[in-house]
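Survey of secondary and tertiary structure
Listed here are the chains, written in short residue letters.
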Amino acid sequence: DTAVSQTPKYLVTQMGNDKSIKCEQNLGHDTMYWYKQDSKKFLKIMFSYNNKELIINETVPNRFSPKSPDKAHLNLHINSLELGDSAVYFCASKGTGGVLAKNIQYFGAGTRLSVL
Amino acid sequence: QKEVEQDPGPLSVPEGAIVSLNCTYSNSAFQYFMWYRQYSRKGPELLMYTYSSGNKEDGRFTAQVDKSSKYISLFIRDSQPSDSATYLCAMSRVLEYGNKLVFGAGTILRVKS
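Heads up: these notes are all about the structure in this document. These numbers come from a predicted model, not from an experiment. Sequence order as written defines residue numbering, which begins from 1 separately in each chain. Chains and ligands are labelled by the order in which they are written, letters from A for the one and numbers from 1 for the other. Local features are withheld for residues below a pLDDT of 70 in this predicted model, meaning they are given only at 70 or higher, and side-chain atom pairs are given and counted only at 80 or more; totals for whole chains, interfaces and linings count all residues. Values shown for side chains rest on all heavy atoms present in the structure; no hydrogens or waters enter the calculation.

Once that is clear, we can look at the side chain of Ser79 of chain B. Turning to its location among the elements, Ser79 of chain B is positioned in the loop between β8 (71–76) and β9 (85–92). Note on exposure labels: buried denotes an accessible area under 20% of the residue type's maximum, exposed denotes more than 50%, and partly exposed covers the range between, all computed with a 1.4 Å probe on protein chains only. Taking relative accessible area as the criterion, Ser79 of chain B reaches 0% and is therefore assigned buried. Strands are runs of DSSP state E lasting at least two residues, helices are runs of H or I lasting at least four, and both sets are numbered from the N terminus onward.

For the rest of this paragraph, the subject is the nonpolar core. Soluble globular proteins tend to pack their nonpolar side chains together in the buried interior. Throughout, nonpolar core names a set of buried Ala, Val, Leu, Ile, Met, Phe, Trp, Tyr and Cys residues whose side chains join them through atoms within 4.5 Å. Of all hydrophobic cores here, the largest spans 25 residues; its most connected members are Val4, Trp35, Ile72, Leu74, Tyr87 and Met91 of chain B. Looking at this core, the elements with two or more residues in it are β3 (19–25), β4 (32–38), β5 (45–51), β7 (61–66), β8, β9 and β11 (107–112) of chain B. In what follows, a contact means two residues having at least one pair of non-hydrogen atoms within 4.5 Å. With sequence-adjacent residues up to four places away left out, Val4 of chain B is seen in contact with Cys23, Thr24, Tyr25, Phe30, Cys89, Met91, Val102, Phe103 and Gly104 of chain B. Counting 19 residues, the second largest nonpolar core, distinct from the first, contains Cys23, Trp34, Leu76 and Leu113 of chain A.

Looking now at the packing of aromatic side chains. Centre-to-centre distance and the angle between the planes together describe a pair of aromatic rings. Pairing of aromatic side chains here covers Phe, Tyr and the six-membered ring of Trp, requires ring centres within 6.5 Å, and sorts the geometry by plane angle: under 30 degrees stacked, over 60 edge-to-face, intermediate tilted. Tallied over the full model, the rule gives 12 aromatic pairs over all chains. Ring centres 6.0 Å apart and planes at 80 degrees place the aromatic pair Phe107 of chain A and Phe103 of chain B in the edge-to-face group. Linking Phe107 of chain A in strand β10 (residues 105–107) with Phe103 of chain B in strand β10 (residues 102–103), this pair reaches from one chain into another. Residue Phe107 of chain A shares its accessibility class with Phe103 of chain B, and that shared class is buried. Between Tyr25 of chain B and Phe33 of chain B, the aromatic rings sit 5.3 Å apart at their centres with planes inclined by 45 degrees, giving tilted as the arrangement. On the basis of relative accessible area, Tyr25 of chain B is assigned to the buried category, the value being 6%. The class of Phe33 of chain B is buried, set by a relative accessible area of 2%. Taken together, the ring pairs connect Tyr33, Tyr35, Phe90 and Phe107 of chain A together with Tyr36 and Phe103 of chain B into an aromatic cluster. Either the NZ atom of lysine or the CZ atom of arginine qualifies as a charge over a ring when it sits within 6 Å of the ring centre and within 35 degrees of the ring normal. Over the aromatic face of Phe42 of chain A sits the side chain of Lys2 of chain B, whose NZ or CZ is 5.0 Å from the ring centroid.

One widely used convention gives an interface's size as the accessible area the parts lose upon coming together. Residue-level contacts link 24 residues of chain B with 26 residues of chain A. Summed over both partners, the accessible area (1.4 Å probe) lost when two parts come together is defined as the buried area. Each partner contributes to the roughly 2,200 Å² buried at the junction of chain B and chain A, and carbon and sulfur atoms together form 58% of this total. A side-chain nitrogen of Lys or Arg and a carboxyl oxygen of Asp or Glu constitute a salt bridge if their distance falls within 4 Å. In this assembly, chain B and chain A are joined by 1 salt bridge. A salt bridge links Glu58 of chain A to Lys100 of chain B; the nearest nitrogen and oxygen atoms lie 3.4 Å apart.

Looking now at the state of the cysteines. In what follows, a disulfide is any cysteine sulfur pair within 2.5 Å. Applying the stated criterion across every chain, the model contains 2 disulfides over all chains. Covalently, Cys23 of chain A is tied to Cys91 of chain A through a disulfide, its sulfur atoms 1.9 Å apart. Around the S-S axis, the bridge from Cys23 of chain A to Cys91 of chain A shows a dihedral of about -80 degrees and counts as left-handed. Taken as a pair, Cys23 of chain A in strand β3 (residues 19–25) and Cys91 of chain A in strand β9 (residues 87–94) lie far apart in primary sequence, 68 residues in all. A sulfur-sulfur distance of 2.0 Å marks the disulfide that ties Cys23 of chain B to Cys89 of chain B. Disulfide Cys23 of chain B to Cys89 of chain B: torsion about the S-S bond roughly -105 degrees, handedness left-handed.

Residues and elements named next belong to chain B. Relative to the elements of secondary structure, Ser53 occurs in the loop between β5 and β6 (54–58). On the accessibility criterion, Ser53 (43% relative accessible area) is partly exposed. What Ser53 contacts, discounting residues up to four positions off in sequence, is Val65, Asp66 and Lys67. Polar contacts, as counted here, are pairs of nitrogen or oxygen atoms within 3.5 Å of one another; within protein the pair requires one atom able to donate a hydrogen and one able to accept it, and residues that are adjacent in sequence qualify only if both atoms are side-chain atoms. A polar side-chain atom of Ser53 sits 3.1 Å from the main-chain amide nitrogen of Lys67.

This part is about the pairing of β6 of chain B. All names here are of chain B. In this scheme, strands are said to pair when DSSP sees at least two bridges between them. With 5 bridges connecting them, β6 and β7 associate as antiparallel partners. In the strand pairing of β7, Glu57 is matched with Thr62. Adjacent in sequence and paired antiparallel, β6 and β7 are bridged by 2 residues, among which Gly59 carries a positive phi angle near 65 degrees.

To continue, consider the sheet that holds β7 of chain B. Residue and element names in this part refer to chain B. Taken together, the 5 strands give an open sheet; going across it, the order is β1-β3-β8-β7-β6, and neighbouring strands pair in antiparallel fashion. Edge positions in the open sheet fall to β1 (4–5) and β6, since each of these has one partner strand only. Across 2 bridges, the pairing between β1 and β3 is antiparallel. Bridge pairing in β3 links Glu5 to Thr24.

Pasting the structure below:
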């Protein structure tokens, strides 16, 4: 079973469209994240939710809106897609028990978004 | 200046070589240090985790943290072609549930057989 799964794996779309990426984790974790990895492999946090509550919101255009229906799911909706949104988007989750667990984040395989 | 600096490489070494990967950071509040390995078209996976200064060894991998110099290293002994990947250092300040990992840019490693 995949611990953190994202769909779709690939997303090719036109500028101006609206799209969503879904993430689910079966690890029983309370905290989930969205990261963006650009073409130079730089991984930058966008959002974090803990038990459906938004706790980290980095400087991200408001075209990006995360939604967490429950603690096992964190979706990312992007409005009015732009060329610069092309990147790989990673979902991650983190547990709460113990020193080690509180700092280890488990990543999904990524969603490769190409905006044409 | 970025909070975490990491040479993107690529670093090419022959099989069996000792590999040294490094990151420097500017924020002395970082206490938890991690190395993630990312294979092509995959998500990052945790390789090593250390708290504060010191060394940690796990098989062929050794992680070192020097907080006084704000410098962390990952050593890979007897490198294998299967070690070819991007290695990302990451660090965080606190253990709170909202802790944020700050990543380096990643170093591309190529081990040639």
